[in-house]
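So you can see what is in the structure, the chains are spelled out below.
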Amino acid sequence: MSEVANIYDNGPISLIARIKDNISVYTTRKWFHYQVVYTEPWPRSSPLRIEMVAAAAVTFIAGNGIIAKQLVPILQVTDGEMLHVRFEPLDDVEGAVYEQAGTGKFVSRNTHARVDMATCLRDPYLATSTFFIMGYQRDMNLEVRNPNPVALNQARFQFSGFRYTIEPITPQYPANFTDKQKEDVRKALADGDKETVAQYIGPTTWLPAEGR
Amino acid sequence: MSHLITTGRYAGLIAKAGNRSGAAGAVLIPGVVITIGVLSMLHQLPVGRSFYVTKIMWYNPGVLATLTFGTLSNAAVPVPMFPTQMALPGLADGLSEEELIGAEFMLNSQAAPNGWDGNLYVAASIALIQISVEVAEKT
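Residues numbered from 1 in each chain as written. Chains lettered and ligands numbered in written order. Predicted model: local features only at pLDDT ≥ 70, side-chain atom pairs only at ≥ 80, totals over all residues.

(A) How the structure looks around the overall build of chain A. The secondary structure content of chain A amounts to 4 helices and 11 strands. Taking the principal axes of the C-alpha coordinates as reference, chain A spans close to 70 × 30 × 30 Å. The burial tally for chain A puts 31% of its 212 residues in the buried class. Within chain A, residue pairs in contact and separated by at least 24 positions form 76% of the contacts whose partners lie at least 6 positions apart. (Helix = DSSP H or I, 4+ residues; strand = E, 2+ residues; numbered from the N terminus. Buried ≥ 20, exposed ≤ 12 C-beta atoms within 10 Å, placed from the backbone. Contact = placed C-beta atoms within 7 Å.)

(B) Here's a closer look at the overall build of chain B. What chain B contains, in helices and strands, is 0 helices and 13 strands. Along chain B, from the amino end to the carboxyl end, the secondary structure elements read β-β-β-β-β-β-β-β-β-β-β-β-β. Expected size for 139 residues packed as a compact globule is a radius of gyration near 14 Å; at 14 Å, chain B falls within 12% of this value. Counting only C-alpha atoms, chain B reaches 40 × 35 × 25 Å along its principal axes. Across the 139 residues in chain B, those meeting the buried criterion constitute 35%. (Rg over C-alpha atoms; globule rule 2.2 N^0.38 Å.)

(C) Here's a closer look at the confidence of the model for chain B. Summing up the model confidence of chain B, the mean pLDDT is 94 and the portion of residues at 70 or higher is 100%. Taken together, the chains of this predicted complex give a pTM of 0.88 and an interface ipTM of 0.81. (pLDDT = per-residue confidence, 0-100.)

(D) Spatial organisation of the interface of chain A and chain B. Listed by partner, the interface residues are 17 residues for chain A and 14 residues for chain B. Partitioning the side of chain A that touches chain B into residue classes produces 10 nonpolar, 4 polar and 3 charged. (Nonpolar A, V, L, I, M, F, W, Y, C, P; charged D, E, K, R; others polar.)

(E) Broad picture of the pairing of strand β12 (residues 120–124) of chain B. Residues and elements named next belong to chain B. Among the 5 residues of β12, 4 are classified as buried, and the element is accordingly described as predominantly covered. When strand β5 (residues 39–43) meets β12, the two strands line up antiparallel, connected through 4 bridges. Note on β12: the bridge partner recorded for L39 is A123. In the sheet, strand β7 (residues 65–72) pairs with β12 via 4 bridges, with the strands oriented antiparallel. Within β12, the position partnered with G70 by the bridge is Y121. (Pairing = 2+ DSSP bridges.)

(F) Just unusual backbone geometry, in detail. Residues and elements named next belong to chain A. For K20, which is not a glycine, the phi torsion comes out positive at approximately 80°. Relative to the elements of secondary structure, K20 occurs in the segment before β1 (22–27). On the basis of neighbour count, K20 is assigned to the exposed category, with 8 C-beta atoms found within 10 Å. Notably, Q100 is not glycine yet its phi reads approximately 60°, a positive angle. Within the element layout of this structure, Q100 appears in the loop between β6 (94–99) and β7 (103–104).

(G) Spatial organisation of the nonpolar core. Formed by 41 residues in total, the largest nonpolar core has its most connected members in M52, I61, F132, I133 and A155 of chain A. Looking at this core, the element that brings in the most residues is strand β10 (residues 156–168) of chain A, giving 5 residues. The residues touching A155 of chain A, leaving out its near neighbours within four places in the chain, are E51, M52, V53, I61, I67, P89, D91, V93 and V144 of chain A. Formed by 27 residues, the second largest nonpolar core is a distinct cluster that contains M117 of chain A together with I14, F105 and A136 of chain B. (Core = buried A, V, L, I, M, F, W, Y, C linked by C-beta atoms within 7 Å.)

(H) Expanded view of the sheet that holds β7 of chain A. Residue and element names in this part refer to chain A. Read from one edge of the open sheet, 4 strands run β4-β9-β6-β7, paired in antiparallel fashion. Edge positions in the sheet fall to β4 (66–71) and β7, since each has one partner strand and no second. Bridge count for β6 against β7 is 2 bridges, and the pairing is antiparallel. Looking across to β7, one finds that Y98 is bridged to G104.

(I) Region of the structure containing the environment of V72 of chain A. You can see V72 of chain A is positioned in the loop between β4 and β5 (81–89). Linking V72 of chain A and I50 of chain A, residues 22 residues apart in sequence, is a C-alpha distance of 7.6 Å.

(J) Spatial organisation of the environment of G135 of chain A. Residues and elements named next belong to chain A. Assignment of secondary structure puts G135 in the loop between β8 (131–134) and β9 (140–145). Residue G135 is classed as partly exposed on the basis of its 19 C-beta neighbours within 10 Å. Along the chain, G135 and I66 lie 69 residues apart, while their C-alpha atoms are 28 Å from each other. Excluding anything up to four places from it in sequence, G135 contacts V77, D79 and E81.

(K) Region of the structure containing helix α3 (residues 179–190) of chain A. Look at α3 of chain A: 16 Å from first C-alpha to last across 12 residues, which is about the 16 Å you get at 1.5 Å a residue. Among the residues trailing α3 of chain A, G192 of chain A stands out with phi positive, at a value near 75°. (Expected span 1.5 Å × (residues − 1).)

(L) Seen up close, the environment of Q154 of chain A. Take Q154 of chain A: it is sitting in the loop between β9 and β10. Q154 of chain A has contacts with E51, V53 and D91 of chain A together with M1 of chain B, leaving out every residue within four places of it along the chain.

Next comes the structure, spelled out in structure tokens:
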């Protein structure tokens, strides 16, 4: 029931929901339903750039080495905020995304995909690097790998995208609903039951948040 | 430090500084190499890859010298790949992509004299010449 574009459309990044649109976000194994109250772009610029060698308080990333996953402070948000971000490395390194530090993003059973300098060759708008960050304490971590056999003293990553302010939607129950009926609706909403969501939330854009 | 080349015959490769630095290129971090009067390594061929040299820049703080850029045979004999350059005293100079023959540096593991290691070296006639290179290479 997506109202706007597909969220991973292979084109320039665009809003996944407009102001006053609803979004249904899958996070912590449940669906949460929000209304977008504000959106603004996050243009590609120097404040949205991080140098992971410095962020890790080291002087270089070893040849074929790893900078263990680090919090990216520029991507920390507060409750009621959501980021919609694409990224790429500006130096010859590869980035692997973790959301909530322990959970890989872009993973399958056996693999954890990374974004490297050549990703933009086949995917010029970096659509395949799209991820979302929602709310306080749901920060992303970035692991950096050096595919070169020698140490590099710089590993910059550039982010850009959109920032949304969102408010939880409180379902309006009929006056004669019992507590049990309300609980059933709440559970169906958390389960992402399409018909219940259509009835109590309305049209919505279904959205994954962190890696799950 | 490095950037993706999107046009031209090196499209899809990454332009980056030579991966060696320090005296004779002994340091395994990209940067400026200081010659020691004989061979200095400017770029070490990564395993399973090849590269092209796209820029060479140098500064000679000493007396008139010569610089010969090339690779090394598997008998450890320098193999010149580009015309020998005069490095004038107290002056900087360089070679641009147009002046550098687009030779692909790669490993040939055959025994000497038929094989070479594919790394980029400079044979300098004096020490303390500062050299920086840019290569085009896969990730």
